[in-house]
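If you want the building blocks of each chain, they are given just below.
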Amino acid sequence: METLLGLLPSSGSKSQASKKIDYKKRQDKVAGARFLHECGMKLDAKVMTVASASVLFHRFFREVNTTDYDVYLIAGSCLYLAGKLEDQTLKARDVINVTQATLRPGGRPLDMDEAYWNLRDALVQAELLVLRMLRFNTDFEHPHKYLLHYMVSLEDWLGDVVFHRLPLRRTAWTLLRDSYMDPFILDVKPQWLALACIHVSLQCYGLNVPGSVEGGKTWYETMCPSCSRETLWNVTEKVLDVYGQEQQLFSVPVGSVSSAVYS
């Protein structure tokens, strides 16, 4: 098997983390997904709220042409809808203020005037549009519960000392959270994605799970018999590809914001 180092995106001379994305100059799904996560953090949304919003966002844009819709309006409406699905109330005014502040850093808060009510109407209408395009089917099995379950089993396997010394749980959880910025999450089994995030976390700290069970099964095959070595590697590549997409956000702008409401 190849090493994970060969898949990691190369780092430039200047840290991308220190740069700001000018969302107004972009109109694509990569920027829209990043925008959704950034707004979710600013809204103090729960992990599962952002995850559900991401699923709604990716599923919506599989049904439509990206150029026909404002990705930032759809991202905001998905957060608004996901708050209802995950029993976390996200007020429409808060969603509007955060999305607008993220699109226009340094701008003044919106007044309760006609412009605000137009934005609120657009948000609500977009929420209904998302539901209709998904045929009101918002069910999705998330991998978070599997990740937690596998981590408990792995702690028994590796020992408490390793887990207390290294932030394996936090790293795997972060990898899983970031994976939701890519639509591949819709195509893989949640168990496989959880195992891939754990696999990358182990590789980051140079850890190998010792031994194998009867029959020559690996640790991941023991936890999920349908996850072969090839499957794990393929999903691992997709997880790491998410970080490679960050470079796209600082490249030549793709299109422009087309919505007269959110531009």
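Student: Mind showing me how you'd approach the overall build of the protein chain here?
Tutor: Helix and strand counts for the protein chain stand at eleven helices and zero strands. Its helices and strands in sequence order give the protein chain the pattern α-α-α-α-α-α-α-α-α-α-α, from N to C terminus. Within the protein chain, buried positions represent 47% of all 263 residues. When the accessible area of the protein chain is evaluated, it comes to approximately 13,500 Å², of which 52% is carbon and sulfur surface.

Student: How should the confidence of the model for the protein chain be read in this particular structure?
Tutor: Fine structural detail should not be taken from predicted coordinates in areas where pLDDT scores are low. The predicted model of the protein chain averages 86 in pLDDT, with 85% of residues at 70 or higher. Here residues 1-18 is modelled with pLDDT under 50, and outside its nearest four sequence neighbours on either side it reaches 25 contacts, counting other chains as well. Residue range residues 254-261 is modelled with pLDDT below 50. Its contacts to residues more than four positions away, or to other chains, number 21 contacts.

Student: Help me understand the environment of I198 in this model?
Tutor: Mapped onto the secondary structure, I198 falls in helix α9 (residues 190-204). Separated by 38 residues in sequence, I198 and T236 have C-alpha atoms that sit 9.6 Å apart. Setting aside chain neighbours within four positions, we find I198 in contact with L147, Y150, M151, L154, A172 and W219.

Student: Explain the packing of helix α6 (residues 144-158) against helix α8 (residues 168-179) here, please?
Tutor: Packed helix pairs are characterised by how far apart their axes lie and by the angle those axes make with each other. Two elements in contact, α6 and α8, have axes whose closest approach is 11 Å; the angle formed by their N-to-C orientations is 155°. Considering their axes alone, α6 and α8 lie roughly antiparallel with respect to each other. As α6 runs across α8, the sense of the crossing is right-handed. Between α6 and α8, the residues in contact are H144, L147, L148, M151 and E155 and L168, R169, A172, W173 and L176, respectively.

Student: Could you clarify how one ought to interpret the pattern of salt bridges in this entry?
Tutor: Side chains that carry opposite charge are capable of pairing whenever their charged atoms lie near each other. If you walk through the whole model with that rule in mind, you get nine salt bridges. In this structure, the salt-bridge partner of K145 is E141, at a minimum N-O distance of 3.6 Å. Note on E141: relative accessible area 39%, which makes it partly exposed. In this structure, a network of salt bridges that share partners links the residues D22, K24 and K25.

Student: Even after reading the chapter, I still don't get the nonpolar core, so can you show me in this structure?
Tutor: Within soluble globular proteins, side chains that are nonpolar tend to cluster in buried spots. In terms of nonpolar packing, the biggest core is built from 82 residues, with F57, L193, L195, I198 and W219 touching the most fellow members. Here this core gets ten residues from one element, more than from any other, and that element is helix α3 (residues 71-85). With sequence-adjacent residues up to four places away left out, L195 is seen in contact with Y150, W219, Y220, M223, C224, C227 and L232.

Student: Please clarify how the environment of W157 should be interpreted in this entry.
Tutor: Inspection of the secondary structure assignment puts W157 in helix α6. Take W157: its relative accessible area is 27%, and that puts it in the partly exposed class. It is 7.6 Å that separates the C-alpha atoms of W157 and V209, two residues lying 52 residues apart in sequence.

Student: Is there a simple way to think about the side chain of S179 in this case?
Tutor: Tracing the backbone through its elements, the reader meets S179 in helix α8. A relative accessible area of 1% places S179 in the buried class. A distance of 2.7 Å separates a polar atom in the side chain of S179 from the backbone oxygen of L175. When residues no more than four places from it in sequence are discounted, the contact partners of S179 are F184, I185, L193, C197, V239 and V242.

Student: Help me out: how do you make sense of the packing of aromatic side chains in this one?
Tutor: How two aromatic rings sit relative to each other is given by the distance of their centres and the angle of their planes. Per the counting criterion, the structure on display carries nine aromatic pairs. Geometrically, the ring pair formed by Y23 and F35 is edge-to-face, given 5.1 Å between the ring centres and 80° between the ring planes. Of the two residues, Y23 is situated in the segment before α1 (29-42) and F35 in helix α1; the sequence distance between them amounts to twelve residues. A relative accessible area of 1% places Y23 in the buried class. On the basis of an interplanar angle of 90° and a centroid distance of 5.1 Å, the ring pair of F60 and F61 is categorised as edge-to-face. Connected via pairs of aromatic rings, a cluster forms that spans F57, F60, F61 and Y69. Over the aromatic face of Y116 sits the side chain of R93, whose NZ or CZ is 5.1 Å from the ring centroid.

Rules and cut-offs
Residues numbered from 1 in each chain as written. Predicted model: local features only at pLDDT ≥ 70, side-chain atom pairs only at ≥ 80, totals over all residues. Heavy atoms only, no water. Helix = DSSP H or I, 4+ residues; strand = E, 2+ residues; numbered from the N terminus. Buried < 20%, exposed > 50% of the residue type's maximum accessible area, 1.4 Å probe, protein only. Areas by Shrake-Rupley, 256 points an atom, 1.4 Å probe, with all protein chains shown as cover. pLDDT = per-residue confidence, 0-100. Contact = heavy atoms within 4.5 Å. Axes fitted to C-alpha atoms, helices over the stretch in contact; angles between N-to-C directions. Parallel < 35°, antiparallel > 145°, perpendicular 65-115°, else oblique. Left-handed = near helix turned anticlockwise from the far one by under 90°. Salt bridge = Lys/Arg side-chain N within 4 Å of Asp/Glu carboxyl O. Core = buried A, V, L, I, M, F, W, Y, C linked by side-chain atoms within 4.5 Å. Polar contact = N/O pair within 3.5 Å; in protein donor to acceptor, adjacent residues only side chain to side chain. Phe/Tyr/Trp six-rings, centres within 6.5 Å; stacked < 30°, edge-to-face > 60°. Lys NZ or Arg CZ within 6 Å of the ring centre and 35° of its normal.

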